[in-house]
Amino acid sequence: MKKQILVTGGTGYIGSHTVVELLSEGFDVVIVDNLSNSDISVLENIEKISGLRPVFEKLDLSDALQTESLFLKYPNIDAIIHFAAYKAVGESVEKPLEYYSNNVGSLMNLLSCMNKYKVSNLVFSSSCTVYGQPEKLPVTESTPRREAESPYGNTKKVCEDILRDSVSAYAGMKGIALRYFNPVGAHKSALIGELPVGIPNNLVPFITQTAAGIREELKVFGNDYNTPDGSAIRDFINVVDLAKAHVVAVDRLINDNHKTNYEVFNLGTGNGLSVLEIVESFQKVNNVNLNYTIVDRREGDIEKIYADTTYANKELGWKAQVALEETLASAWNWEKNIRNIK
Ligand code: NAD
Ligand code: WQD
């Protein structure tokens, strides 16, 4: 029988790419999303890519009763991948309670139901934000976590702890926290991708919107960092590579291949690239001119971070595959597709 995976936030950016990979690997998928940051049309596009339409439930996981209704309706869930959360760092500073309530509340509701209805396996979307600016690079899974830079970052840290403590307290419960570095790019079909609401905060969507003429110019935040070209360094990971790691994580839990009941993995490429390198590469690969200017550093930004992926590569048998050029081409193709640019 097919294994059934509940994907929360499954119409969102990373969730939708993961659903496509799960369907192609033969899993049954139930998506739950309240569409607070995604569009229902994503379902059609998942169907166009996969030839399969996942079951969809529109509900709010920060509501305990709505969450419970899901477990009553689907009594045979084998694993949950929990993407649903608010993710805008700046907004979380303005609205901390909404962020704690949504991000922490939703995880707690899910874990309570998992305990009550005996669902064992949960994969949680964490973030490299839990490391802050590490003293030593690259970061391994045992690099100490730091005081969070934002309420958003703190929700990730707190959620990791809640998952770790729940797994150790409730018999049969197992969890994997995946710490994503900077997810970028889109599915090669250009049918699904990142759909930021309003002005993008993240680098690559801002670049593609600038190239599309929606934004006048890209502001590169700082060229006075202690890096070779002075701009900040990140580990940009292709979203399809990232999605595939979730299939591996789910398999690991379902097949009891985990080492401990709570595991943590870094999901990155292991390569640090600078903001200016991304800008140059985007222009070259896509043969477009990008209007950009250097401005002051953005408050709260760290100088550099990239992953040590040795542990994830070895333990998960997973490695980021897609070349940066292909990733940046996919991001541009997606933007062109949604803007009807030829
Ligand atoms: P996204 O906003 O595209 O997807 C999240 C989805 O969750 C959205 O479709 C939204 O409508 C839904 N959602 C939010 N709150 C909900 C609720 N209470 N009930 C039901 N649905 C709800 O974000 P994404 O980029 O796909 O990120 C997915 C996860 O990965 C998030 O937990 C995010 O914090 C984490 N993450 C993202 C990044 C990144 O840069 N994109 C990096 C590290 C970690
Ligand atoms: C990358 C670099 C910017 C926009 C954020 C969250 C993190 C994680 C991933 C969820 C930085 C620079 C950006 C622009 C720029 N998300 N930049 N001009 O800040 O590394 O991480 O997303 O967990 O928690 O903090 O990603 O894409 O915003 O920025 O120069 O218009 O690009 O200053 O150096 P970041 P980002």
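All values derive from a computational prediction rather than experimental measurement.

### Some remarks on the site of ligand 1
Inference 1: If you check the shell around ligand 1, you find 28 residues, and the closest are Asp-33, Asn-37, Ser-38, Asn-102 and Tyr-152.
Inference 2: Note that an oxygen atom of ligand 1 is positioned 2.8 Å from one of the backbone N or O atoms of Tyr-13.
Inference 3: Within the contact set of ligand 1, a nitrogen atom lies 2.7 Å away from a side-chain nitrogen or oxygen of Asn-102.
Inference 4: Here ligand 1 has 820 Å² of accessible area as a free molecule, and 96% of this is covered by the chains.

### Points about the nonpolar core
Inference 1: Core analysis: the largest hydrophobic core is formed by 39 residues, its most contacted members being Ile-5, Leu-22, Ile-46, Leu-178, Val-250, Leu-267 and Trp-318.
Inference 2: For this core, the element with the most residues is helix α8 (residues 239-254), which contributes 9 residues.
Inference 3: A domain-level breakdown of this core finds at least three residues from each of domain 1 (4-184 + 236-267) and domain 2 (203-234 + 270-335).
Inference 4: Not counting chain neighbours up to four residues away, the residues in contact with Ile-46 comprise Gly-10, Ser-16, Val-19, Val-20, Leu-23, Ile-31, Gly-51, Leu-52, Pro-54 and Ile-192.
Inference 5: By size, the runner-up hydrophobic cluster in this structure holds 28 residues, among which are Val-30, Leu-61, Met-114 and Val-264.

### Looking at the sheet that holds strand β1 (residues 4-8)
Inference 1: Strand order across the open sheet formed by 7 strands is β3-β2-β1-β4-β5-β6-β11, with parallel pairing between neighbours. With partners counted over all chains shown, the strands left at the sheet margins are β3 (55-58) and β11 (262-267), one partner each. Each neighbouring strand pair of the sheet contributes to a mean axis angle of 20°, computed without reference to strand direction.
Inference 2: When strand β5 (residues 121-127) meets strand β6 (residues 174-180), the two strands line up parallel, connected through 7 bridges.

### Some words on the side chain of Asn-121
Inference 1: Positionally, Asn-121 belongs in strand β5.
Inference 2: At a separation of 2.9 Å, a polar atom in the side chain of Asn-121 contacts the main-chain carbonyl oxygen of Asp-78.
Inference 3: Excluding its chain neighbours within four sequence positions, the residues that come into contact with Asn-121 are Asp-78, Ala-79, Ile-80, Met-114, Lys-174, Leu-253 and Ile-254.

### Structural notes on the site of ligand 2
Inference 1: The full set close to ligand 2 counts 18 residues, and Ser-127, Tyr-152, Lys-219, Arg-234 and Asp-301 are the nearest of them.
Inference 2: At a separation of 2.8 Å, an oxygen atom of ligand 2 approaches a polar backbone atom of Phe-221.
Inference 3: Within the contact set of ligand 2, an oxygen atom lies 2.8 Å away from a side-chain nitrogen or oxygen of Arg-298.
Inference 4: When ligand 2 is considered free in solution it has 680 Å² of accessible area, and contact with the protein chains removes 88% of it.
Inference 5: Looking at the shell around ligand 2, the elements that each hand over two or more residues are α7 (203-211) and β8 (218-221).
Inference 6: Considering each element in turn, the shell around ligand 2 owes the most residues, 4 residues, to β8.
Inference 7: In the shell around ligand 2, the residues fall into 9 nonpolar, 5 polar and 4 charged.
Inference 8: There are two domains that each give the shell around ligand 2 at least three residues, and those are domain 1 (4-184 + 236-267) and domain 2 (203-234 + 270-335).

### Observations concerning the packing of aromatic side chains
Inference 1: Evaluation of the coordinates by the stated rule reveals 5 aromatic pairs.
Inference 2: Ring centres of Tyr-86 and Tyr-99 lie 5.3 Å apart, and the angle between their planes is 55°; on these two criteria the pair is classed as tilted. Taken together, the residues Tyr-86 in the loop between β4 (79-82) and α4 (89-94) and Tyr-99 in helix α5 (residues 96-117) connect sequence positions 13 residues apart.
Inference 3: Under the relative-accessibility criterion, Tyr-99 is labelled buried at 1%.
Inference 4: When the ring centre of Tyr-225 is taken as reference, the NZ or CZ atom of Arg-297 above it lies at 4.1 Å.

### Looking at empty space enclosed by the protein
Empty space among the atoms becomes visible once a probe the size of a water molecule is rolled across them.
Inference 1: Within the structure shown, the criterion is met by 1 cavity of 30 Å³ or more.
Inference 2: Contributing to the lining of the largest cavity are Tyr-13, Val-184, Gly-185, Ala-186, Glu-194, Pro-196, Val-204, Pro-205, Thr-208, Ala-331, Trp-334 and Glu-335.

The rules behind the values
- Residues numbered from 1 in each chain as written.
- Chains lettered and ligands numbered in written order.
- Predicted model: local features only at pLDDT ≥ 70, side-chain atom pairs only at ≥ 80, totals over all residues.
- Heavy atoms only, no water.
- Near = heavy atom within 4 Å.
- Polar contact = N/O pair within 3.5 Å; in protein donor to acceptor, adjacent residues only side chain to side chain.
- Areas by Shrake-Rupley, 256 points an atom, 1.4 Å probe, with all protein chains shown as cover.
- Core = buried A, V, L, I, M, F, W, Y, C linked by side-chain atoms within 4.5 Å.
- Buried < 20%, exposed > 50% of the residue type's maximum accessible area, 1.4 Å probe, protein only.
- Helix = DSSP H or I, 4+ residues; strand = E, 2+ residues; numbered from the N terminus.
- Domains from an automatic or database assignment.
- Contact = heavy atoms within 4.5 Å.
- Pairing = 2+ DSSP bridges.
- Axes fitted to C-alpha atoms, helices over the stretch in contact; angles between N-to-C directions.
- Nonpolar A, V, L, I, M, F, W, Y, C, P; charged D, E, K, R; others polar.
- Phe/Tyr/Trp six-rings, centres within 6.5 Å; stacked < 30°, edge-to-face > 60°.
- Lys NZ or Arg CZ within 6 Å of the ring centre and 35° of its normal.
- 1 Å grid on protein atoms, 1.4 Å probe; cavity = no way out; pocket = protein on both sides within 12 Å on 5 of 7 lines; lining within 4 Å.
- Points joined across faces, edges and corners; volume = space filled by probe spheres on them.

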